[in-house]
Amino acid sequence: MENADPMGTARKVPEVWGKVPPRNKNFTGREDLLAALHKGISGRPTAVVPHALHGFGGVGKTQMAVEYAYRYGHEYDLVWWIPADQPVLVRSSLAGLAPHLNVPSASTSGVEEAANAVLDALRKGEPYARWLLIFDNADQPEDINTLLPQGSGHVLITSRNHRWESVVATFPIDVFDRRESVEFLTRRVPRGISESEADRLAHELGDLPLALEQAGALQAETGMGVEEYLGLLEAETQQLLSQGKPTEYPLSMTAAWAISVARLKERLPEAISLLRCCAFFGPEPIPRDAFTRVGPEAMAQLSPELGKLLANPIMLSKVIGELGRYALAKLDTPARTIQIHRLIQALLREDRDAGQQATLRHEVHVLLASYAPELPSDATNWEKFGHLLGHMEPARVAECAEPAVREMALRVVRFLFSSGDYGYARIFVRRFLEEWARQSGELHPDVFSMALEYANVRRELGEYKEVAEYNAEMLQKAEAALGANNAITLRFLRGVSADLRGAGDFQEARRRGEESVRRAELNFGPDDPFTLRALNNLGLDYGLSSDYQEAKNLHMRAFQGLVVHDVVDTTVNAWTGLARAVRLCGDYSEATDLGEDAYAYALETLGPDHSWTLRTAKDLSIAWRRVGDFERAYELADLAHSKFMRSFGIDHPDTLAAAMCLANIRRTVGEKESALELAADTVRRYPRVYGEEHPYNHGCVGNLAIMRRVMGDPEEARRLNEGALAGLERKLGKDHHYTLTVASNLASDLAELGETGEAVRRGEDTLGRLREVLGGRHPLVLACAANLTADLRAVGRRGEADKLFQETKEAYAQTLGLEHPDAKVFLEGRHLDADFDPPPI
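Residues numbered from 1 in each chain as written. Predicted model: local features only at pLDDT ≥ 70, side-chain atom pairs only at ≥ 80, totals over all residues. Heavy atoms only, no water.

Structural notes on the overall build of the protein chain
Now for step 1: A tally of regular secondary structure across the protein chain gives 40 helices and 11 strands.
Now for step 2: With the C-alpha coordinates of the protein chain rotated into their principal frame, the extents come out at 115 × 60 × 40 Å.
Now for step 3: Taken across its 841 residues, the protein chain has 57% of its residues classed as buried.
Now for step 4: Looking at the protein chain alone, contacts between residues at least 24 apart form 67% of all its contacts between residues at least 6 apart.
Now for step 5: Accessible surface, the protein chain as shown: approximately 33400 Å² in total, 49% of it carbon and sulfur.
Now for step 6: The average position of the 96 basic charges and that of the 122 acidic charges among the side chains of the protein chain differ by 0 Å. (Helix = DSSP H or I, 4+ residues; strand = E, 2+ residues; numbered from the N terminus. Buried < 20%, exposed > 50% of the residue type's maximum accessible area, 1.4 Å probe, protein only. Contact = heavy atoms within 4.5 Å. Areas by Shrake-Rupley, 256 points an atom, 1.4 Å probe, with all protein chains shown as cover. Lys, Arg positive; Asp, Glu negative; His and termini not counted. Charge placed at Lys NZ, Arg CZ, Asp CG, Glu CD.)

Section: empty space enclosed by the protein
Now for step 1: All chains considered together, the criterion is met by 5 cavities of 30 Å³ or more.
Now for step 2: Space inside the largest cavity adds up to approximately 100 Å³.
Now for step 3: Where the lining of the largest cavity is concerned, the elements lending two or more residues are helix 26 (529-544), helix 27 (548-565) and helix 28 (568-584). (1 Å grid on protein atoms, 1.4 Å probe; cavity = no way out; pocket = protein on both sides within 12 Å on 5 of 7 lines; lining within 4 Å. Points joined across faces, edges and corners; volume = space filled by probe spheres on them.)

So, the nonpolar core
Now for step 1: With 138 residues, the main nonpolar core has Leu 274, Phe 291 and Leu 323 as its most contacted residues.
Now for step 2: Of all hydrophobic cores here, the second largest spans 67 residues; its members include Phe 506, Ala 659, Cys 661 and Ile 841. (Core = buried A, V, L, I, M, F, W, Y, C linked by side-chain atoms within 4.5 Å.)

A look at the pattern of salt bridges
Now for step 1: Within this structure, the stated rule accounts for 72 salt bridges.
Now for step 2: The partner of Arg 709 in a salt bridge is Asp 749, and the shortest N-O contact between them spans 2.5 Å. Taken as a pair, Arg 709 in helix 34 (residues 695-710) and Asp 749 in helix 36 (residues 737-752) lie far apart in primary sequence, 40 residues in all.
Now for step 3: With relative accessibility at 10%, the residue Arg 709 sits in the buried group.
Now for step 4: Connected through salt bridges with shared partners, the residues Glu 407, Arg 411, Arg 414, Glu 453 and Arg 491 form a single ionic network. (Salt bridge = Lys/Arg side-chain N within 4 Å of Asp/Glu carboxyl O.)

A few points about the confidence of the model for the protein chain
Now for step 1: Here the protein chain averages 90 in pLDDT, while 96% of its residues score no lower than 70.
Now for step 2: In this model residues 1-10 is a low-confidence stretch, pLDDT under 50, and it forms 19 contacts with partners more than four residues away in sequence or in other chains. (pLDDT = per-residue confidence, 0-100.)

Quick look at the sheet that holds strand 5 (residues 78-83)
Now for step 1: Spatial strand order, 3-5-6-7-4-8: 6 strands in an open sheet with parallel pairing. Single-partner strands in this sheet number two, and they are strand 3 (16-18) and strand 8 (169-172). Taken over all neighbouring pairs, the strand axes of this sheet differ in orientation by 20° on average, direction set aside.
Now for step 2: Where strand 4 (residues 51-54) and strand 7 (residues 154-159) come together, 4 bridges link them in parallel fashion. Opposite Leu 53, over in strand 7, you have Thr 158 as the bridge partner. (Pairing = 2+ DSSP bridges. Axes fitted to C-alpha atoms, helices over the stretch in contact; angles between N-to-C directions.)

As structure tokens, then:
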């Protein structure tokens, strides 16, 4: 790929060229600065040292960065532009690079994961070592410091904030010198201005590049002479001075802008209504579809002038073109966007009184709501939702009480949730919650709806204790304000079960889950997605109560209903739950078949790095381990753990569950030391998430005990298992699957220590209880029977041992098969270990 530089020389175009604004064909001057910047950046080949272009508004920082990208882009394999004036959106811009770096995109892995993967790829220089990232209009250094990539590439920043001077290598950008001003004007108005006239005009405009661009565009488009323009400039300046209004903007810029707007109004008055509307969007590019795809309800809320314009596509295209020609807007035709300089936006807003500003701002809210896609969980809509994000805060969307606008805000939150950007979702929701509560009161249905999203986001972030208190409070308020059977109230009720699971109170979670299903069926019917989601959650509760058969039935009903409704993320959830329930019923082969189907569906619909895809992968890894396919189990466990770690950090519940899954397969394949190290670290971390007495903590301690015994320390294993068993009996009773798993392992500890009589007593009691809970042919029952067989022989009870051996052998032959690893260990007379994998809450 080749392109031409300013001098006409053919130059190589970067392999990746993204988001860089169109080049200004009238760019002039700055040659010394560009050369010095290039020397400064390229003279540091060993490490990234960010460079910043610093100066006040309108001096051309962005244009210089654009010119640098085009002029020196041939030296890079990758050039990427990142709008940085809203720090929370910088990650989204970084994530947009993911497909170009051969890492999963945000639509498959979520924004947080994709951005982290991008930073990692840039640091490694894979696949591109020569890269340039431009962060445009950054404000506070601390807002984006952690998002500036390291590695062998280059970083360029533009900012009005002088604090960057103490952080990076800074190049101050000032107004043009007079020679540059004259050169610019004579190029911008090639046949209509002399050098002396250009000199006079530059003097009056203070050599401010943005003001010169306004003046030059007006004269080039209208043929206005310099004398006439200077006369208008003098009159406008005097009027501004006579008004005595303080302004943070250069007087020359304000006057030049006013002249351009006045002349455009004379020539094409329709353009002014669109220009003023654009002033109340954010400074980021505005998708043209926001003006072309306006529904009738939205159109009815627009001013007659704007509504008439948007209803006429021919006139709308003409108006947009004129805004570009008058240099009042920047048009990006391939991207189909229109962008107004933030300084011009500010001047346009300042020109309206408070009432007019409110009206225009509301029109923007309505247009954004009309543009927003319907389905936030559909990854094909995520690009459009991404376009919305840059305008939500600058347009002050949170202040709008229009139902359609509030519904749009809720869809944006659900998009952030579905795409995995939980950190920004949390910030976004809090801002809207506070504003909506201030406007409408804490008991308004919209406030409750946003509070639901807040609870869901916090649960996904693993804040179980805090969200449980919040959800309980909101449920009580919703029941009083909206009624016990309102859909919002029932969603809070559904969340109560999740919070109880997070607290380890599985029986109460099941009771509240049954209540949730009952009330959902009463209000929405048995086949509504709302009811099906409640059924799926109840399946989790039954599984955590050791009733795996009923859990399977509930997950089956939920899955069969949800797949018809094509609700992707919930379908994956139910499918994975069904595969897990089948595995916990002891049908390992069927579980792997189901799990493989669920994982393939998740990969296709959600992508390889979405949180639900990774949960499905972890469960499939466990099923493969159970069925004896250790190689595939290890590969998938390692993959899920590394991706959860990168996305959520080491103390997130999903990361901890994946770590325990990985530790279990490591022990299984003989990697004893690394398994012990990972399990011990995970056991230390679990109480930080769930508290000391959660059953998951005790179950994981049981896993650590197995590893201690395998490493030759049965005494420590016994101590750990006795503590875990006592804790599980306190929380779940003696007849729970988790309790009996640890009891079975404790019997093995006793046998290893030579206390075979006590091991037999423990084994007999545990086997009897397991048969009651799980049936006679469940793999855990067979493992316990296998261990008891060996212990009975050790104490001389051969008749009983032989009988139990034969029964167990027949059961293995009819279930897992005698070639299964568990059956082989049994036939060799050795003890089997029963490990634990914590399911999702």
